[in-house]
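Coordinate inspection notes
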Amino acid sequence: MKPLFFFFPLLITAFAACVVEPELHPSPEPERMHAFSDTIDGKSVDLFLLRNENGMEVELSNYGATIVAIRTPDKNGKIEDVTLSYDNLTNLRAGKSYFGCVVGRFANRIGGAQFTLDGQEYTVPKNDGDNALHGGINSIDKQVWKARKMNDAVRFTIEIPDGANGYPGKMNVTVLYSLRIDNSLVIDYTATTDKTTVVNLTNHAYFNLSGDPSKQILDHVVKMRAKQFTPVDSSLIPSGELRDVKGTPFDFMNAKSIGTDIQQPDEQLLRGKGYDHNFVLNASNEEAAVEVVEPRSGRKMEVFTTQPGVQFYTGNFLNGTEKGRGTAYQFRTGFCLETQQFPDAPNQPNFPSAVLKAREQWKGQTIYRFSIQR
Ligand code: BGC
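These lines cover the structure that appears in this document, whether it is placed above or below. As the structure is a computational prediction, the values presented were derived from the model and not from experiment. (Residues numbered from 1 in each chain as written. Predicted model: local features only at pLDDT ≥ 70, side-chain atom pairs only at ≥ 80, totals over all residues. Heavy atoms only, no water.)

Some remarks on the overall build of the protein
Looking only at helices and strands, the protein has four helices and 31 strands in total. The globule rule puts the C-alpha radius of gyration for 374 residues at 21 Å, and the 21 Å found for the protein is close to it. Across the 374 residues of the protein, 53% fall into the buried class. At a minimum sequence separation of 6, the contacts of the protein that also span at least 24 residues come to 68%. Total accessible area on the protein stands at roughly 16500 Å², and carbon and sulfur atoms take up 50% of it. (Helix = DSSP H or I, 4+ residues; strand = E, 2+ residues; numbered from the N terminus. Rg over C-alpha atoms; globule rule 2.2 N^0.38 Å. Buried < 20%, exposed > 50% of the residue type's maximum accessible area, 1.4 Å probe, protein only. Contact = heavy atoms within 4.5 Å. Areas by Shrake-Rupley, 256 points an atom, 1.4 Å probe, with all protein chains shown as cover.)

Next comes the structure, spelled out in structure tokens:
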């Protein structure tokens with residue numbers, strides 16, 4: 001018989017493996033899985049879970065390539081969802097506020113719902129007054145994507161037909177969500193087309209880092225590396241101007257809470273009913289474009305991106321009609337940081353081009369990294 005100490009190294013290795021090895025294929029809770037699974041037009045809709053060694057979790061649906069939940073620890077280790085989200089697929093499908101989904105092929109607004117490309121005029125559906133918003137009705141946020149689960153990532157793909165919602169070119173879009181050990185949720189986007197078209201892809205997650213989505217987000221402290229923003233007209237279409245933030249309520253170069261200036265009688269704030277504006281990002285590759293801290297929970301979120309702009313939207317149109325997590329989401333209970341091309345870029349010669357040509361590939365990456373600030 002072998003002496004007991006012979007087994008010790010084996011036992012220690014086995015114990016260490018239990019403690020530090022990531023769970024390669026975690027599954028959502030059976031009830032959650034059930035609430036978010038269905039077959040739509042013969043296509044299977046499933047819920048996918050990513051979990052890392054710190055207990056951070058991200059739930060994803062291939063309906064709209066949607067972030068259904070992001071659960072991160074607060075300063076006491078309490079893990080809570082930091083997004084506004086629905087409790088089931090029925091509500092996700094019926095949702096009108098774009099919670100957590102990928103929007104495109106042209107996120108944000110196109111003024112007058114038309115643009116000219118290579119001398120040809122295109123008319124797209126008006127779904128926001130006279131303007132087009134987030135790719136139009138029944139766009140990719142309301143479609144079932146193909147899904148592939150990997151160890152620490154989920155890849156969603158969709159083909160947008162040529163002419164869908166009036167946009168030219170068959171477009172293939174891939175969105176890869178990866179969860180890293182440093183509590184980063186990395187989103188990699190790629191798009192290709194067979195005809196010249198326009199592209200603007202983003203994720204529309206709403207965050208409330210307090211973990212309590214019945215609370216307003218006004219005490220979240222924001223620092224944004226943006227020296228300019230793009231002012232808008234009364235229908236939220238940019239004028240084309242890049243305006244310095246200095247001396248305006250749009251200056252987040254030094255950290256300040258969202259509530260500091262939001263009530264100021266500023267024309268731009270009145271038009272957006274709060275912040276609902278594109279900021280021109282100046283961060284270098286290694287720097288976070290935006291940092292947000294919720295002081296009570298200590299949760300911090302940093303946003304890194306390859307995109308030129310970010311729509312900072314403070315949930316000004318939330319009015320209690322969207323429900324989930326035991327609450328009706330009210331005015332300003334969530335904020336979005338939608339990394340993007342500039343709104344209305346197809347009609348704005350001064351803005352970075354959002355044109356994608358046949359056989360070219362558009363790539364973008366955005367990282368939401370979570371940590372604690374004590
Ligand atoms: C827009 C808001 C809009 C929200 C939900 C944001 O990207 O900027 O004006 O209300 O999306 O549609």
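A closer look at the site of the ligand
Within the structure, the ligand sits among Y98, R109, L133, H134, H204, Y206, L236, D276, Q311, Y313, F317 and E338. H134 is positioned with one of its side-chain polar atoms (N or O) 3.1 Å from an oxygen atom of the ligand. Take Q311: an N or O atom from its side chain is 3.3 Å from an oxygen atom of the ligand. Bound to the protein, the ligand loses 94% of the 300 Å² it would expose on its own. By residue class, the composition of the shell around the ligand is six nonpolar, three polar and three charged. (Near = heavy atom within 4 Å. Polar contact = N/O pair within 3.5 Å; in protein donor to acceptor, adjacent residues only side chain to side chain. Nonpolar A, V, L, I, M, F, W, Y, C, P; charged D, E, K, R; others polar.)

Concerning the nonpolar core
Ranked by size, the top nonpolar core spans 57 residues in total, and within it F279 and F312 carry the most contacts. Ranked by the residues each element gives to this core, the list is headed by strand β14 (residues 171–179), at five residues. Those residues in contact with F279, other than ones at most four positions away along the chain, are M224, A226, Q228, F229, V245, F250, F252, P308, G309, V310 and F312. Membership of the second largest hydrophobic core comes to 17 residues, among which are Y63, V68, L89 and V144. (Core = buried A, V, L, I, M, F, W, Y, C linked by side-chain atoms within 4.5 Å.)

Some words on the sheet that holds strand β24 (residues 290–294)
The sheet built from nine strands is open, its strands ordered β12-β13-β14-β15-β31-β25-β24-β19-β22 with antiparallel pairing. The open sheet terminates on both sides in strands that have one partner only, identified here as β12 (146–149) and β22 (256–257). Two strands pair when backbone bridges link them, and strand β19 (residues 221–224) and β22 are joined in this way by two bridges, in the antiparallel orientation. The partner of V221 across the bridge, within β22, is S257. (Pairing = 2+ DSSP bridges.)

Regarding the sheet that holds strand β4 (residues 57–61)
Sheet architecture is open: four strands sit in the order β3-β4-β5-β6, paired in antiparallel fashion. This sheet does not close on itself; its edge strands, each paired only once, are β3 (47–51) and β6 (79–81). With strand direction ignored, the average angle separating the axes of adjacent strands in the sheet is 20°. (Axes fitted to C-alpha atoms, helices over the stretch in contact; angles between N-to-C directions.)

Thoughts on a positive patch on the surface
A contiguous patch of positive charge on the surface is contributed by K75, K215, R296 and R374. Tracing the backbone shows R296 in the loop between β24 and β25 (299–305). Of the residues examined, R296 reaches a relative accessible area of 61% and is grouped as exposed. (Patch = residues over 30% accessible without salt bridge, like charges linked within 9 Å, V, L, I, M, F, W, Y side chains within 5 Å. Salt bridge = Lys/Arg side-chain N within 4 Å of Asp/Glu carboxyl O. Lys, Arg positive; Asp, Glu negative; His and termini not counted. Charge placed at Lys NZ, Arg CZ, Asp CG, Glu CD.)

Some thoughts on the pairing of β14
In terms of strand pairing, strand β13 (residues 153–160) meets β14 through eight bridges, oriented antiparallel. Residue pairing for β14: V154 is matched across the bridge by Y177. Sheet topology note: the β14/strand β15 (residues 184–193) ladder contains nine bridges and is antiparallel. Of the residues in β15, the one forming a bridge with T174 is T190. Between the antiparallel neighbours β14 and β15 lie four residues, among them N183 with a positive phi of about 65°.

Points about the pairing of β4
Among the five residues that make up β4, five are buried, leaving the element largely enclosed by the rest of the structure. Between the end of β3 and the start of β4, which pair antiparallel, lie five residues, with G55 showing a positive phi angle near 90°. Sheet topology note: the β4/strand β5 (residues 66–73) ladder contains five bridges and is antiparallel. For L60, the partnering residue across the bridge sits in β5 and is I67. The hairpin formed by β4 and β5 contains four residues between the paired strands, and G64 there has a positive phi angle of roughly 75°.

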